[in-house]
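A closer look at the structure
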Amino acid sequence: MLYDICGLKVSYEAKYQQTIIRSEKYISCDQNQTPDIVIDITEERIDNYISVYPNISRSLAEYVIIGAVFYEKILDFNAFLLHSSAIEVDGKAYLFTADSGTGKSTHTSLWREYFGDRATMINDDKPVIRMIDNKLYACGTPFSGKHDINKNILIPIQGICYLNRGLENKIEKMNSRDALIVIMNQTLRVDDKLKMLNLFDMLDEVLCNVNVYKLYCNISKEAVETAYNGMKGDSN
């Protein structure tokens, strides 16, 4: 089966329900095109994964493995995974990354409440950042964590924000060194040297073209206002 993901043609044959259902909205209208990425997952690989994680279902194992392979292969296409919650407001993408359990999804859910129809979730857990025609986009993928909140869209990036819990709401721009550390901690690192060079090239593009912020916030509409007002007005 051929899928349209991140502006690329991606081929894989899902056998189990989780991958099949979550991939439906990415099915390509033209199944005869040549794929950019081919993912071939064997039953033996699923067996090996389950041997390490015995409590996982076969359906979930396939979904996780295909996602992992996709995020590795996309490094060859001016793209990389950023573990974050990405939301679009008024045609611009805002990505919120943080350590697990900090509240990325909670924060973007507040954005959806605040902005209503003006806001669309791109991917609630594992969006892709990709450069197309010298412009950086946040891209939806079928691989988006347990809640499966994503949309097959590519949205120009306005800003990336490192989320921290705080009693008061405040936002500040990060310097390139600190921003690099944050992004490196929230992306996929692989053993392939060429793919890692591709990743470093993309990180350089991001740091040169996108502002990265640190946000301290509580769970309130004022947190949304602080984040949005701090990020929307800057030119990259």
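Residues numbered from 1 in each chain as written. Predicted model: local features only at pLDDT ≥ 70, side-chain atom pairs only at ≥ 80, totals over all residues. Heavy atoms only, no water.

With that out of the way, let us pick up the pairing of strand β10 (residues 154-165). Burial within β10 is extensive, with ten of its twelve residues counted as buried. With five bridges joining them, strand β6 (residues 92-97) and β10 adopt parallel strand pairing. Bridged to L95 within β10 is I160. Inspection of the sheet shows strand β9 (residues 135-139) paired to β10 by three bridges, in the antiparallel sense. Note on β10: the bridge partner recorded for Y137 is P156. For β10 and strand β12 (residues 211-217), the ladder comprises seven bridges, and the chain directions are parallel. Pairing of Y162 across the sheet is with K214, part of β12. (Buried < 20%, exposed > 50% of the residue type's maximum accessible area, 1.4 Å probe, protein only. Helix = DSSP H or I, 4+ residues; strand = E, 2+ residues; numbered from the N terminus. Pairing = 2+ DSSP bridges.)

In this structure the tally under the stated criterion is 14 aromatic pairs. Ring geometry for F70 and Y71: centres 5.3 Å apart, planes at 65 degrees, overall edge-to-face. Residue F70 shares its accessibility class with Y71, and that shared class is buried. Seen from their ring centres, Y94 and W111 are 5.2 Å apart, and the 50 degrees between their planes marks the pair as tilted. Residue Y94 is found in strand β6, and its partner W111 is found in helix α4 (residues 104-115); the two are separated by 17 residues along the sequence. With respect to class, Y94 is no different from W111; both count as buried. (Phe/Tyr/Trp six-rings, centres within 6.5 Å; stacked < 30°, edge-to-face > 60°.)

Attention now moves to the packing of helix α2 (residues 43-52) against helix α3 (residues 58-73). Running from N to C, α2 and α3 cross one another at 105 degrees; their axes reach a closest spacing of 10 Å. Considering their axes alone, α2 and α3 lie roughly perpendicular with respect to each other. Seen from α2, the contacting residues are E43, R45, I46, D47, Y49 and I50; seen from α3, they are R58, A61, E62, V64, I65 and V69. Residue composition of the contact of α2 with α3, by class: seven nonpolar, no polar and five charged. (Axes fitted to C-alpha atoms, helices over the stretch in contact; angles between N-to-C directions. Parallel < 35°, antiparallel > 145°, perpendicular 65-115°, else oblique. Contact = heavy atoms within 4.5 Å. Nonpolar A, V, L, I, M, F, W, Y, C, P; charged D, E, K, R; others polar.)

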